[in-house]
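Working through the structure, step by step
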Amino acid sequence: MLFNSLDFALFLPIVFILYWFVFRDSLKSQNFLIVITSYFFYGWWDWRFLALIGFSTLIDFAVGVRLDKVEGRFKRKSLLILSLLVNIGFLGFFKYYNFFLDNFITAFTFFGMPIKANSLNIILPVGISFYTFQTMSYSIDVYRKRLTATRDFIAFSAFVSFFPQLVAGPIERATNLLPQFFEKRKFDYFMAKNGLRQILWGLFKKVVIADNCAEYANMIFNNSTEYQGSTLILGALFFTFQIYGDFSGYSDIAIGTARLFGFNLMQNFAFPYFSRDIAEFWRRWHISLTTWFRDYVYIPLGGSKVGTFLQIRNVFVIFIISGFWHGANWTFIAWGALNAIYFIPLLIFGKNRQNIEIVAVGKKLPCFREVLSILGTFALTVFSWIFFRAENMSHALSYVFGIFSEGLFAIPDFSVFPGAITLLIFIVAFMFVEWKGRVGEYGISEMHLISNKAYRWSIYVFIILIIDVFGNTSEEIEFIYFQF
Amino acid sequence: MFSGIHQRKSNLFIFSFDMMIRLFLRQVLTFLTLLLVINVLLFFMIRGFYIKGYDDVDLSFSEYLLADSHGTPLGDFTEIHEVHNFSGQSDSYLDMERKLKYLIRNAHVNRIYISVDDHTLSPTREDQNNLDRSSFYADQDDYPDYGAFIYNKYLKYYCVFLNDRYSLIIKNFLQDELFDFSKWGGVRSKASWEDLDIAEQKEKSLDRIENYFDEPLPSNIMTEALKRIILICESNDIDLIGLRFPLSKTYYGMLAEESYGADTLFIKNNIFVIDFDDLFLEQDSLFSDMDHLDREGGEIFVDILFDSLDNVWP
């Protein structure tokens, strides 16, 4: 079930009413309702993969309970390895099997030993990378004794399958989300209103910005050899806003929906395109995944507490794994490596934590130096997205070389992209709103501060009309991160 | 004593919960009502410049003309000959089928004139049709289930927010009329077909051909709809006559043998087809574009059409 579908528009109020009116007296029954509705939500795509979530939940629940009881280091480690093997095994099979097979075949053929093996027609279960990472974090935290294992299977199932963030995150930590399933839910008027506002903004990002950008980005990337350099830059820019609108839009809808049910999910995006350096960008982009890798991969490897060489190694490891997490393709690995290359100079010169606060706090506009930093970081990001979007490495490279063609400084021919000018106007307006709201959690999170209700509601109505008229709703376009 | 305190606390919680959720629901409902009012206003706007007279049909006739935009220039001139022009711009055979069934349910129909031009079975018509507007004439049988019927006939038709076509029309209006500064402050006139030189006529004709004749085979959906129209007419004892509308000389020459063969289907079923596609080959002044008559052309064509019909089918 897609967030931007009529199915979800019917599903959400029904679950809301059941949750707050029918099941409101018992925490257990509310959790049970969350599990049932979450499985229904997921099964709407493909009910066969429900067994996978169920199995993953069961294994991690059992491992958690055993980890709490067992004291011996070897036994505890064995249990953790079992949990990791099951989760990574699922991921490995469904997501990476064909990739490794193809690369083995290529490698053996290259060394003059051709081998034959048939790749499997494997369907990637939606959201597998998200919920497996979430359950793994639970097992690791229980193993590290940062969390007491739960004995409540229903609450644990609700934690794993919680429908707002099940298929594309934010990847929640058990330490943040799981305790919320044991607290008596109180309906909070302001929290619910904030949730609706965030859903609205998320829909705008997804349907107006991302889905419209997708049309032009696809057109340019799929026929990249036909376009001149400046048009290829335009294509990369469209993809840059597509992926941001798509993924952060999903996160906004997920967080907003969770708020309607009294849950607080972690912020996943914090205006990353206003970052002044790549380190800041990675503190603001897909925060739940970045911090996951930081806590469970980077720090155990020594993080920044080791020598320079090992620090560089750790940065490469985390960025390459992060790239590989996105998909079984060398382009994602290249994207990760490129970001590592961007990051390493900052690390070496100790500048990776110089921009912690959002830019120009308390000021209307950034200073000239900040503008240059933002534009520089943005340009590096746009360049790396080319690798992320390309079909394969040769496509990525030909796209990059295509940019530096003779048409680099020519004005793109907008007549072949009808509506693109309007979209660019929307992107500028969108970034303006994001800039104005950058101290908040999302673009229009400070809207409640407008005391004039008529004015506030007029803005909401205006956004709804924009979504309706300019939103790309001709077909419900799936969220990009569903494939990861 | 302790249980009393607990009871009071619990009541306080219930009170605040009720108050909060009631306030929330009231706000949500008020906002939805506001959206409903906006929807009504938008619907009237859409009705004014998109639905227009599409939902308007005179049921007192016994003969009707069903066609796409080729039939619209004939306007109400057909009524002189006791035929109601029920054509709609971009009508597909699915739309015509709905209209036909509606007529059968609500009027006494003896004869249907229907366009069987080269392009009417084109796969392009699967996308470019009037299914949103013709749902006004649809019945429950036209949809796979009751849910789809309610959704398409009522929700999608009246709720602007649910209808993608309505949104597209508003979007195109804003983009093409308001954001296009070149169109501000002046009256635009479109060059008539006869004013174009041959090269321009050829270019426009080629665009049209590429739009409609891109695929090698006709649309299955359109073909099946046309077959159903034939069966419906047969089973309701309605005379069915196929019409091929006039084409301009340039387009006629370029089109050559391109056809998805709606007329052939009629001929195979022994249904009468009148072919007028070469009627005005030397009269570009009667066309608004390569294959559409203008108002004057429509008026002249109506007389020729019904005179010739009187001769072969009195």
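Sequence positions are assigned chain by chain, starting from 1 and proceeding in written order. Chain letters start at A and ligand numbers start at 1, both assigned in the order the entries are written. Per-residue local features of the predicted model are confined to residues with pLDDT of at least 70, and side-chain atom pairs are confined, for both listing and counting, to 80 or more; whole-chain, interface and lining totals are unaffected and use all residues. To get the side-chain values, all heavy atoms of the structure are used, and hydrogens and water are removed first.

As annotated in an unreviewed UniProt entry, chain A carries the name MBOAT family protein and is attributed to Belliella alkalica. Under Sequence similarities (unreviewed entry), UniProt gives the following word-for-word description of chain A: "Belongs to the membrane-bound acyltransferase family." UniProt positions are given in the numbering used here, feature names are shortened, and annotations may be inferred rather than shown by experiment. Recorded in UniProt under Subcellular location (unreviewed entry), the annotation for chain A is "Cell membrane".

It is worth spelling out the overall build of chain B at this point. The helix count covers DSSP runs of H or I at least four residues long, the strand count covers runs of E at least two residues long, and both are numbered beginning at the N terminus. Across its full length, chain B carries 11 helices and five strands. Burial status follows relative accessibility: with a 1.4 Å probe on protein chains alone, a residue under 20% of its type maximum counts as buried, one over 50% as exposed, and anything between as partly exposed. Within chain B, the proportion of its 314 residues that are buried is 47%. In chain B, 75% of the contacts between residues at least 6 apart in sequence involve partners at least 24 apart. With the model as given, the accessible surface of chain B reaches about 16,600 Å², and the carbon-plus-sulfur share is 55%. The contact rule is simple, with two residues in contact once any of their heavy atoms fall within 4.5 Å. Here the accessible surface of atoms and residues is derived via Shrake-Rupley with a 1.4 Å probe, and residues count as covered only by protein chains that are part of the display.

Time to look at helix H8 (residues 189-222) of chain A. Residues and elements named next belong to chain A. For H8, with 34 residues, the first-to-last C-alpha span of 47 Å sits near the 50 Å given by 1.5 Å per residue. Within H8, the axis deviates most sharply at Ala-210, by approximately 30 degrees. Where burial is concerned, most of H8 is hidden: 26 out of the 34 residues are buried. In protein, a polar contact means a hydrogen-donor-capable atom and an acceptor-capable atom, both N or O and within 3.5 Å, with residues adjacent in sequence counting only if both atoms are side-chain atoms; elsewhere, any N or O pair within 3.5 Å suffices. Between a side-chain oxygen at the N-terminus of H8 and the backbone nitrogen of Phe-190 the separation is 2.9 Å; the capping residue is Asp-188. Given the number of residues in a helix, its expected span is that number minus one, multiplied by 1.5 Å. Here the bend at a residue is taken as the angle between two axes, fitted respectively to the seven residues that end there and the seven that start there.

Before going further, it helps to examine the nonpolar core. Grouping buried Ala, Val, Leu, Ile, Met, Phe, Trp, Tyr and Cys residues that are joined through side-chain atoms within 4.5 Å yields what is termed a nonpolar core. In this structure, Phe238(A), Tyr273(A), Tyr93(B) and Ile112(B) are the most contacted members of the largest nonpolar core, which totals 233 residues. In terms of residue count, the dominant contributor to this core is helix H9 (residues 229-260) of chain A (15 residues). Domain extents, as shown, originate in an automatic or database domain assignment. When residues of this core are assigned to domains, at least three fall in each of domain 1 (6-185) and domain 2 (190-276 + 355-483) of chain A. Beyond its immediate stretch of four places on either side in the chain, Tyr273(A) contacts Thr240(A), Phe241(A), Ile243(A), Tyr244(A), Phe281(A), Trp285(A), Ile374(A), Phe378(A), Thr381(A), Trp385(A) and Met431(A).

It is worth spelling out the pairing of strand S1 (residues 63-66) of chain B at this point. Residues and elements named next belong to chain B. On S1, burial covers both faces: Glu-63 and Leu-65 on one face and Tyr-64 and Leu-66 on the other are all buried. One requirement defines pairing of two strands: DSSP has to find at least two bridges between them. Of the strand pairs in this sheet, S1 and strand S3 (residues 111-115) are connected by four bridges, and their pairing is parallel. When the sheet's bridge partners are listed, Glu-63 is paired in S3 with Arg-111. For S1 and strand S2 (residues 84-85), the ladder comprises two bridges, and the chain directions are parallel. Its bridge partner being in S2, Tyr-64 is matched across the sheet by His-84.

This part covers helix H11 (residues 287-298) of chain A. Residue and element names in this part refer to chain A. Between the first and last C-alpha of H11 there are merely 15 Å, a value that for 12 residues lags more than 12% behind the 16 Å anticipated at 1.5 Å per step. The buried fraction of H11 is high, at 10 of 12 residues. If you check which residues of H11 are buried, you get Ile-287, Ser-288, Leu-289, Thr-291, Trp-292, Phe-293, Asp-295, Tyr-296, Val-297 and Tyr-298. Contact partners of the buried residues in H11: helix H5 (128-143), helix H10 (278-284), helix H12 (308-326) and helix H13 (330-348).

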